[in-house]
Amino acid sequence: MLDGASLSEALPADRHPAGQDLVYGTLREYGRGDAWLAQLLRRPLNDVAVRALLLCALHALRSERRAAHTVVDQAVRACAQLGHAAAKGLVNAVLRNALRRRAALEQALERDEAARYAHPRWWIERLRRDYPDVWAQILEAGNGHPPMTLRVNRRRLSREAYLQRLREAGIEACAVGDYGIRLARPRPVHALPGFDEGDVSVQDAAAQYAAPLLDLEPGQRVLDACAAPGGKTAQLLETADLDLLALDRDPARAGRIEQNLRRLHLHAEVRVADAGEPEAWWDGRPYDRVLLDVPCTGSGVVRRHPDIKWLRRESDIAGFAAQQRRLLNALWRVLRRGGKLLYITCSVFAEENRLQIADFLARHTDARPLPTALPREGQLLPNDEHDGFYYALLEKH
Ligand SMILES: C[S@@+](CC[C@H](N)C(=O)[O-])C[C@H]1O[C@@H](n2cnc3c(N)ncnc32)[C@H](O)[C@@H]1O
């Protein structure tokens, strides 16, 4: 991440769980580690590998899961493994100094908002402006650990029946929302009963609002415009027999839609295309329903992807908003009169959500917002139950 790569690109596929925990924890707290380092280093440290090693070690010291001397020893030994044996002295001195000055360093964090809330300053300011009442809760939720939530494939079994199977397998879980199941502790998907056979998928509880809101009927023509990796495509198809076209612009990601549907025994037409250019893929027959799960900053899911907080720039928001506006304009044309379009983001920034839809409604007199019964007019905030998402349901008249 310090060199601009995202976490999913940088971590090996066969990552060790303890290593993954350390990296995710370090990035969740990056604002704090960075503030500590600023006080502990006498000169700027430009070596990315040594800086990353120090940040991980400081996180390990603060979290106190391992004895402090073990953390220091392992960090010093890791210098040689990384080919930076010359940095051993520096790493040792910085970490020992951190232990000695710990109380003062912790106190200094309280005065620095980026460190205290472990988010960039511009992000904190934006949330303060968008949510004068709950901005600090959103930041705190973004630093927590995400729940692992499942969606039962109701074509194969009921939620009750799957909860029973989990009980038999000794896996602690409870019902969440109308269709979901939250596990008490995350576990690898292939260890879940019936996962490989297509009985269940992993999907956040907020994402599971998509199909119920679309009010689907068998035989409807449905477009899932930004579909990969197909979580919501599958949910729609589990709900009703649909004539569904799933688009995604990214060929590799589109392949994952097919994989997921195969596992779940579902079928849709999958195409690689730019949803914003209907001339290239639309046969001219209007759709009854359009699901538009747009590309966005991901500011509502940072506890799952803590690198997002540090990789995004404030200027990226306008770029995402422009893409979203273009997709909304283009896809409104392919919807029939009386049809419904569901706009979704996994963001908490008003510019991508409430303000984006207000701007769309001001420009489209044939669009009417429908009530969804969701809190905060469709702006779901991250909490113990679900991630931060935004939903707007629009009807064409
Ligand atoms: C938020 S993700 C979709 C998640 C998906 N709906 C699910 O539930 O699994 C957004 C997707 O939009 C795709 N995308 C971005 N711009 C696009 C465009 N112009 N046309 C089609 N797909 C696009 C991205 O490749 C990405 O897979």
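Quick look at the structure, then. Throughout, residues of each chain are indexed from 1 in the direction in which the sequence is written. Thresholds applied to this predicted model are a pLDDT of at least 70 for local features of residues and 80 or more for the giving and counting of side-chain atom pairs; totals over whole chains, interfaces and linings are not thresholded and use all residues. To obtain the side-chain values, all non-hydrogen atoms of the structure were used and water was disregarded.

## Re the overall build of the protein chain
When its secondary structure is counted, the protein chain shows 17 helices and 12 strands. Taking 2.2 N^0.38 as the reference for a compact globule, 397 residues should give roughly 21 Å; the C-alpha atoms of the protein chain span a radius of gyration of 23 Å, in line with that estimate. By its C-alpha atoms, the protein chain is 70 × 50 × 40 Å across when sized along the principal axes. Relative to its full complement of 397 residues, the protein chain shows a buried share of 52%. Nonlocal contacts in the protein chain, meaning residues at least 24 apart in sequence, comprise 71% of its contacts between residues at least 6 apart. Accessible areas in this description were obtained via Shrake-Rupley with a 1.4 Å probe; residue shielding takes into account the shown protein chains only. For the protein chain, the accessible area works out to roughly 18700 Å², and carbon and sulfur atoms hold 50% of it. Here a strand is any run of E in DSSP of at least two residues, a helix any run of H or I of at least four, and the numbering for each starts at the N terminus. Every radius of gyration here is taken over C-alpha atoms, with the globule rule written as 2.2 Å times N^0.38, N being the number of residues. Working definition: with a 1.4 Å probe on protein chains only, accessible area under 20% of the residue-type maximum means buried, over 50% means exposed, and in between means partly exposed. Note on definitions: a residue-residue contact is assigned when non-hydrogen atoms from the two residues lie within 4.5 Å.

## Some thoughts on the site of the ligand
The environment of the ligand is made up of 20 residues, and the closest members are Asp248, Arg253, Asp274, Ala275 and Asp293. Under the rule applied, a polar contact is a pair of N or O atoms within 3.5 Å (in protein, one hydrogen donor and one hydrogen acceptor; residues adjacent in sequence only if both atoms are side-chain atoms). Between the ligand and the protein, one listed contact pairs an oxygen atom with a side-chain N or O atom of Asp248 at 2.6 Å. Notes on the ligand: free accessible area 610 Å², of which the protein chains cover 87%. Mapped onto the shell around the ligand, the elements with two or more residues apiece are helix H13 (231-239) and helix H16 (316-332). Residues belonging to the shell around the ligand are distributed by class as follows: 10 nonpolar, two polar and eight charged. Proximity is defined per residue: any heavy atom of the residue falling within 4 Å of a molecule or strand makes that residue near it. Residues are sorted three ways: Asp, Glu, Lys and Arg are charged, Ala, Val, Leu, Ile, Met, Phe, Trp, Tyr, Cys and Pro are nonpolar, and all the rest, Gly among them, are polar.

## Overview of the environment of Asp215
Considering the arrangement of structural elements, one finds Asp215 in the loop between helix H12 (210-214) and strand S5 (221-224). Spatially, the C-alpha atom of Asp215 lies 50 Å from that of Ala57, the residues being 158 residues apart in sequence.

## A short note on empty space enclosed by the protein
The pocket and cavity definitions rest on a 1 Å grid over protein atoms only: a 1.4 Å probe that fits but cannot leave marks a cavity, an open set with protein on both sides within 12 Å along at least five of seven lines marks a pocket, and residues lining either have an atom within 4 Å of a point. Grid points are joined across faces, edges and corners, and a volume is the space filled by probe spheres set on the points. Across all of its chains, the model carries three cavities of 30 Å³ or more by this definition. Here the largest cavity defines a volume of roughly 70 Å³. Lining the largest cavity we find 14 residues, and of these Ile138, Gly142, Ser299, Val302 and Pro382 sit closest to its centre. Of all the elements in the fold, those that place two or more residues in the lining of the largest cavity are helix H9 (121-130) and helix H10 (135-142). A per-element tally of the lining of the largest cavity places H10 first, with four residues. Each residue belonging to the lining of the largest cavity can be placed in one class, and the counts come to nine nonpolar, four polar and one charged. Here the second largest cavity is characterised by a volume of approximately 40 Å³. Counting only elements with at least two residues in the lining of the second largest cavity, the list comes to strand S1 (148-152) and H13.

## Notes on the packing of aromatic side chains
Only the six-membered ring of Trp is used, alongside the rings of Phe and Tyr, when aromatic pairs are assigned; centres must lie within 6.5 Å, and planes under 30 degrees apart are stacked while those over 60 apart are edge-to-face, with the rest tilted. Overall, the coordinates contain nine aromatic pairs when judged by the stated rule. Pairing Trp123 with Phe349 gives two aromatic rings, centres 5.1 Å apart and planes at 65 degrees, and the pair type is edge-to-face. One end of the pair, Trp123, is in helix H9; the other, Phe349, is in the loop between strand S9 (335-345) and helix H17 (354-363), with 226 residues separating them in the sequence. Judged by its relative accessible area of 1%, Trp123 falls in the buried class. Classification of Phe349 as buried rests on a relative accessible area of 1%. Summarising the aromatic geometry, the rings of Tyr209 and Tyr391 are spaced 6.1 Å apart at their centres and angled 85 degrees between planes, so their arrangement reads as edge-to-face. With Tyr209 in the loop between strand S4 (200-202) and H12 and Tyr391 in strand S12 (residues 389-396), the pair connects residues that are 182 residues apart, well separated along the chain.

## Some details on the pairing of S12
With eight of its eight residues buried, S12 lies for the most part within the structure. Burial of S12 is two-sided: the residues Phe389, Tyr391, Leu393 and Glu395 facing one way and the residues Tyr390, Ala392, Leu394 and Lys396 facing the other way are all buried. Criterion used throughout: strands pair if DSSP finds at least two bridges between them. Pairing of S9 with S12 involves six bridges; the strand directions are antiparallel. Bridge pairing links Leu341 to Leu394 in S12. Relative to S12, strand S11 (residues 379-380) runs antiparallel, the two being bridged by two bridges.

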